[in-house]
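Now for the letters of each chain:
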Amino acid sequence: MSINIQAKQDYSYLFGSLGSSGSSMGNLNFLSDYASIKNGSYLKLMKAYYSEGSTSKQASSIVNSKKNSMSGNSVSADSSKTLAKVQSSTDKLKESADALLATGKDSLFAEKEITTVDDDGKKVTTKGYDKDAIYSAVSDFVKNYNSVLDASDDVNSSTILNRTASMVSATAANEKLLSSVGITIGKDNSLSVDKETFMNADMNTVKSLFNGNYSYGYRVSAQASMINFAADNEAAKSNTYGGNGSYTNNYTSGNIFNSIF
């Protein structure tokens with residue numbers, strides 16, 4: 001491992017401004033990080049990445065598959081592009097989940113007057129759920145859910161992976177109910193929805209799954225927020241130190257630890 005000091009002769013210049021009135025919290029951040037590198041805290045943190053979490057058997061496949069794919073390779077930080085993908089996909093998933101969670105006049109589960117045409121060509125008006133609108137919203141939910149899984153598959157962050165695994169656990173816990181309305185879980189944990197089965201399903205069951213506090217939809221919305229928050233935190237860690245001891249915006253911090261393993 002080599003560090004380019006860029007014409008500086010030793011490390012003392014990094015601490016030169018500590019006694020000045022212009023010193024900032026960046027100096028303290030540097031000292032804290034330097035101390036944790038020196039005392040081995042960062043090494044322990046990296047090793048903790050590989051420890052088993054408390055996820056369910058179904059969800060643990062997410063974390064384990066990432067470990068297997070990285071076997072023999074050095075651990076590196078996630079790129080800003082990778083984290084942006086996670087942030088964007090979780091934003092969309094939360095939006096689609098919240099659309100199904102809406103209540104009052106905005107609720108997709110508010111019964112409406114539905115007009116259909118019978119076999120004789122006569123219009124019949126009944127009161128019930130707008131199944132087409134609900135199916136469209138659930139389809140968006142499924143698409144965005146799968147996008148989050150796809151985005152998370154590219155990350156190395158144990159926090160993001162474990163949050164995603166928790167979301168998958170919530171899905172697995174509702175597998176039977178989801179299946180009863182035409183939503184199935186694939187071997188890769190992705191979701192798919194069969195339109196015919198869904199349209200013939202009991203919409204009260206669909207409502208219990210996606211609408212209301214503590215519903216499956218509510219849990220996924222909450223997990224999407226936490227995954228997004230974790231991605232935000234990882235992005236914040238992308239800062240490195242410049243020659244004057246202040247933070248820069250270059251996402252290369254993980255490279256410092258590549259030689260540890």
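Higher on the page you've got the structure.
Figured I'd write up the structure that's included with this text. (Residues numbered from 1 in each chain as written. Predicted model: local features only at pLDDT ≥ 70, side-chain atom pairs only at ≥ 80, totals over all residues. Heavy atoms only, no water.)

**A look at the environment of K85**
Here K85 is to be found in helix α4 (residues 80–101). Since its relative accessible area comes to 36%, K85 is described here as partly exposed. Along the primary structure K85 and A231 are separated by 146 residues, whereas in three dimensions their C-alpha atoms are 9.4 Å apart. Setting aside its immediate chain neighbours within four residues, K85 contacts D150, A151 and D154. (Helix = DSSP H or I, 4+ residues; strand = E, 2+ residues; numbered from the N terminus. Buried < 20%, exposed > 50% of the residue type's maximum accessible area, 1.4 Å probe, protein only. Contact = heavy atoms within 4.5 Å.)

**Quick notes on the packing of aromatic side chains**
All chains considered together, the criterion is met by 7 aromatic pairs. Aromatic pair F109 and Y129: ring centres 6.2 Å apart, planes at 80 degrees, arrangement edge-to-face. Of this pair, F109 sits in the loop between α4 and β1 (112–117) while Y129 sits in the loop between β2 (123–128) and α5 (131–152), and the two are 20 residues apart along the sequence. Plain terms: the ring middles of F141 and F210 are 5.2 Å apart, the flat faces sit at 80 degrees to each other, and that makes the pair edge-to-face. Taken together, the residues span a long stretch of sequence, with F141 in helix α5 and F210 in helix α9 (residues 203–210) at a distance of 69 residues. Residue F141 is classed as buried on the basis of its relative accessible area of 0%. With relative accessibility at 0%, the residue F210 sits in the buried group. Members of the aromatic cluster, each reached through a chain of ring pairs, are F141, Y145, F210 and Y216. (Phe/Tyr/Trp six-rings, centres within 6.5 Å; stacked < 30°, edge-to-face > 60°.)

**Topic: the packing of α4 against helix α10 (residues 216–236)**
The description of two helices packed together rests on the angle between their axes and the distance between the axes. The interhelical angle for the contact between α4 and α10, taken along N-to-C directions, is 160 degrees, at an axis separation of 8 Å. The angle between α4 and α10 falls in the class roughly antiparallel. Both α4 and α10 take part in a crossing whose hand is left-handed. Two secondary-structure elements touch here, α4 through L83, V86, Q87, T90, D91, L93, K94, A97, D98 and L101 and α10 through G217, Y218, V220, S221, A224, S225, I227, N228, A231, D232, E234 and A235. Here the contact of α4 with α10 is composed, by residue class, of 11 nonpolar, 6 polar and 5 charged. (Axes fitted to C-alpha atoms, helices over the stretch in contact; angles between N-to-C directions. Parallel < 35°, antiparallel > 145°, perpendicular 65-115°, else oblique. Left-handed = near helix turned anticlockwise from the far one by under 90°. Nonpolar A, V, L, I, M, F, W, Y, C, P; charged D, E, K, R; others polar.)

**Some words on the nonpolar core**
One finds I134, F141, Y145, F198, F210 and Y216 to be the most contacted residues of the largest nonpolar core, which totals 40 residues. Elements with a minimum of two residues in this core: α4, α5, α6 (158–173), α8 (195–199), α9 and α10. Counting residues per element, this core draws most heavily on α5, at 10 residues. Residue contacts for I134: discarding those within four places in its chain leaves L108, F109, Y129, F198, M203 and V206. (Core = buried A, V, L, I, M, F, W, Y, C linked by side-chain atoms within 4.5 Å.)

**Quick word on the pattern of salt bridges**
This model, assessed by the stated rule, comprises 4 salt bridges. Two residues, K85 and D150, come together in a salt bridge whose shortest N-O distance is 3.0 Å. With K85 in helix α4 and D150 in helix α5, this residue pair connects regions lying 65 residues apart in the sequence. Given a relative accessible area of 42%, D150 falls into the partly exposed group. Across the salt bridge formed by D154 and K85, the nearest N and O atoms sit 3.4 Å from each other. Here D154 is found in the loop between α5 and α6, whereas its partner K85 is found in helix α4, with 69 residues between them in sequence. (Salt bridge = Lys/Arg side-chain N within 4 Å of Asp/Glu carboxyl O.)

**A short note on α6**
With 16 residues, α6 extends 22 Å between its outermost C-alpha atoms, agreeing within 8% with the 22 Å of an ideal straight helix rising 1.5 Å per residue. Taken together, the buried positions of α6 are occupied by I160, L161, T164, A165, M167, V168, S169, A170, T171 and A172. (Expected span 1.5 Å × (residues − 1).)

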